[in-house]
Amino acid sequence: MKKIKINQVIEYLSPTLVFSYFFIHNIFLVLIGITFSLYSININMINNLKKSMNKNFGIKNESKDSNKNNKENNSNAINIKSTKEETKLTLVEEIEEFGFIPSIDKKNNSNAA
C-alpha cells in the first residue's frame, strides 16, 4: 500500500477548499485553501529559511558569549592603564567640563557665557 504524504493531501485539499465556496458559501474555507496552497508552493523556501535562521542564530549566540568574555578582559586592562594624568585640555573640553568659556586671564573667573 502506498504511503500518502501530508504534502500530497495539502495539494488536493487546497483547491477543494477553494471550490467549496460554490457549494457551501463559506469564505473561511476559501481563505484556508489559499493559505494551504501558498504553503505548498513555497515549502522549499520556508525550509531553507528555517535552516539558515537556525544556522545564523547558533553562530551568533556563540560569538556573543566569546565577545562578552573578551570585553570583560579588555575592560580590566583599560581600567588599570587609565590613570588620570595632568594634561592640557582643549577649549572644547574645558567648555564641556566647566560649562562656560574660560577667559585667558586666570584671575578673572567670570561666567559670561
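Residues numbered from 1 in each chain as written. Predicted model: local features only at pLDDT ≥ 70, side-chain atom pairs only at ≥ 80, totals over all residues. Heavy atoms only, no water.

Visitor: How would you explain the overall build of the protein chain if you had to name every residue and give the values?
Guide: Along the protein chain, the regular secondary structure elements total 5 helices and 0 strands. Put simply, the protein chain has 113 residues, and 7% of those count as buried. Carbon and sulfur atoms make up 60% of the accessible area of the protein chain, which totals about 10800 Å². (Helix = DSSP H or I, 4+ residues; strand = E, 2+ residues; numbered from the N terminus. Buried < 20%, exposed > 50% of the residue type's maximum accessible area, 1.4 Å probe, protein only. Areas by Shrake-Rupley, 256 points an atom, 1.4 Å probe, with all protein chains shown as cover.)

Visitor: For the confidence of the model for the protein chain, give the residues involved together with the corresponding values.
Guide: Averaged over all residues, the pLDDT of the protein chain is 75; the fraction at 70 or higher stands at 59%. Within the protein chain, helix 3 (residues 27–41) carries the highest mean pLDDT (93), whereas helix 4 (residues 43–81) carries the lowest (69). (pLDDT = per-residue confidence, 0-100.)

Visitor: Can you break down helix 1 (residues 6–19) residue by residue, with the values?
Guide: With 14 residues, helix 1 ought to run about 20 Å at 1.5 Å a step, and its terminal C-alpha atoms sit 20 Å apart, in line with that. When helix 1 is considered as a whole, its buried residues turn out to be Ile10, Ser14 and Leu17. Where helix 1 is buried, its residues touch helix 2 (21–24) and helix 3. (Expected span 1.5 Å × (residues − 1). Contact = heavy atoms within 4.5 Å.)

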